[in-house]
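Observations on chain architecture
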Amino acid sequence: MASVLRRPSLMVPHVTVPTVSDLNYEALKKQDIVDAIVFDKDNTLTAPYENKVHPQASCGLEMARCVFGNDRVAILSNSVGSSDDIGYRDAKRVEDDLGIAVIRHQEKKPGGLHEVLHHFSLSDATRICVVGDRILTDIVFGNLHGMFTVHTQKPLQLRRDHWTARMIRPVENVILYGRGGRRSWLFRKNIPDHVYWTEKDPSKLILLAGGGDVTQDKKK
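Residues numbered from 1 in each chain as written. Predicted model: local features only at pLDDT ≥ 70, side-chain atom pairs only at ≥ 80, totals over all residues. Heavy atoms only, no water.

Looking at the overall build of the protein chain
- Of the regular secondary structure elements, the protein chain holds 9 helices and 6 strands.
- For the protein chain, the proportion of its 220 residues judged to be buried stands at 50%.
- Approximately 10700 Å² of the protein chain is accessible, and the part contributed by carbon and sulfur atoms is 53%. (Helix = DSSP H or I, 4+ residues; strand = E, 2+ residues; numbered from the N terminus. Buried < 20%, exposed > 50% of the residue type's maximum accessible area, 1.4 Å probe, protein only. Areas by Shrake-Rupley, 256 points an atom, 1.4 Å probe, with all protein chains shown as cover.)

Set out below in structure tokens:
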């Protein structure tokens with residue numbers, strides 16, 4: 001939190017999408033922005049504390065695996081795979097059900113950088129994209145280390161969500177996006193730079209609801 005108070009811009013993602021299925025993974029790869037994708041789990045890929053991929057996330061997860069390869073897609077969660085996961089039993093269940101690796105880590109987000117780099121055999125954190133629903137964990141973690149950050153703004157299921165997430169998420173969204181869907185001054189003035197994101201146009205990385213490309217639609 002001290003880092004966020006000193007640098008509120010750490011809360012601002014490079015791209016905001018409703019769900020993981022609205023991110024254009026092919027464009028992310030084609031623009032050579034990153035080499036690997038790290039997903040949060042609860043309310044990003046699955047409903048809270050469930051191991052099955054949520055229907056609204058299944059297309060996005062499959063596309064990420066197809067474009068980047070299964071060994072370049074993983075989960076970093078503050079529940080499964082963390083020090084709270086005794087014997088990593090839940091991590092193993094999620095890996096069996098979702099078909100991707102869960103990164104084991106001792107320090108919760110926004111910590112855990114060493115384990116992520118080690119998992120992907122990377123030395124440059126800027127080659128990683130972090131996708132998640134929480135501003136103060138997922139997005140701050142990515143921005144602290146120069147990663148490409150994507151915020152999924154639409155929770156997959158609020159029922160059974162952790163009580164702290166239920167309390168903090170509305171505050172995060174108001175600070176970042178303002179009220180009534182209008183982006184706050186913090187968001188408009190502080191979209192972070194990324195060393196490999198040369199085009200700096202979020203619309204080119206967002207799919208239309210029907211699965212098309214935003215930029216292609218503009219050209220019609």
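Quick look at the sheet that holds strand 2 (residues 36-39)
- What the 6 strands build is an open sheet, ordered 1-6-5-2-3-4; its pairing is parallel. A single partner strand is all that each edge strand has here, and the edge strands are strand 1 (15-17) and strand 4 (101-102).
- As paired strands, strand 1 and strand 6 (residues 148-152) are joined by 3 bridges and run parallel to one another. Bridge pairing links V15 to V150 in strand 6.
- Packed onto the sheet, helix 6 (residues 135-144) meets strand 5 (128-132) and strand 6 and runs at close to 165 degrees relative to strand 6. (Pairing = 2+ DSSP bridges. Contact = heavy atoms within 4.5 Å. Axes fitted to C-alpha atoms, helices over the stretch in contact; angles between N-to-C directions.)

A look at the pattern of salt bridges
- According to the stated counting rule, one finds 11 salt bridges in the structure shown.
- For the salt bridge of R65 with E62, the shortest nitrogen-to-oxygen distance reads 3.9 Å. A residue pair is termed a helical-turn pair when its members lie 3 or 4 positions apart in one helix, as R65 and E62 do in helix 3 (residues 55-68) at 3 residues.
- Residue class for R65 comes out partly exposed when judged on its relative accessible area of 25%.
- One salt bridge connects K204 with E199, and the closest N-O pair in it is separated by 2.8 Å.
- Overlapping salt bridges bring together D32, D35 and R127 as one network. (Salt bridge = Lys/Arg side-chain N within 4 Å of Asp/Glu carboxyl O.)

With respect to the packing of aromatic side chains
- Summed over all chains, the structure comprises 2 aromatic pairs.
- For the pair F148 and W197, a centre-to-centre distance of 5.2 Å together with 85 degrees between the ring planes defines the contact as edge-to-face. A residue pair is termed long-range when its members are at least 10 positions apart, and F148 in strand 6 and W197 in the loop between helix 8 (185-189) and helix 9 (214-219) qualify at 49 residues. In this structure, F148 and W197 share a single accessibility class: buried.
- Lying over the aromatic face of Y196, R127 brings its terminal NZ or CZ to 4.4 Å of the ring centre. (Phe/Tyr/Trp six-rings, centres within 6.5 Å; stacked < 30°, edge-to-face > 60°. Lys NZ or Arg CZ within 6 Å of the ring centre and 35° of its normal.)

A word on the nonpolar core
- Judged by nonpolar contacts, the single largest core of 32 residues is most densely connected at L28, I37, F39, L45, F148 and L205.
- Of all the elements in the fold, those that place two or more residues in this core are strand 1, helix 2 (25-30), strand 2, helix 3, strand 3 (73-75), helix 4 (89-98), strand 5 and strand 6.
- In terms of residue count, the dominant contributor to this core is helix 3 (4 residues).
- Excluding anything up to four places from it in sequence, L205 contacts V15, D22, L23, N24, A27, L28, Q31, I33, F148 and W197.
- Judged by nonpolar contacts, the second largest core, of 14 residues, contains A36, L76, A125 and F141. (Core = buried A, V, L, I, M, F, W, Y, C linked by side-chain atoms within 4.5 Å.)

A closer look at the environment of C129
- By secondary structure assignment, the location of C129 is in strand 5.
- Residue class for C129 comes out buried when judged on its relative accessible area of 0%.
- Spatially, the C-alpha atom of C129 lies 9.7 Å from that of V73, the residues being 56 residues apart in sequence.
- With residues near it in sequence (within four places) discarded, C129 still touches L28, V34, A36, I37, V38, F148 and V150.

Quick look at the confidence of the model for the protein chain
- Residues at a pLDDT of 70 or more form 86% of the protein chain, whose mean pLDDT is 86.
- This model gives residues 209-220 a pLDDT under 50, and the stretch forms 14 contacts once residues within four places in sequence are excluded. (pLDDT = per-residue confidence, 0-100.)

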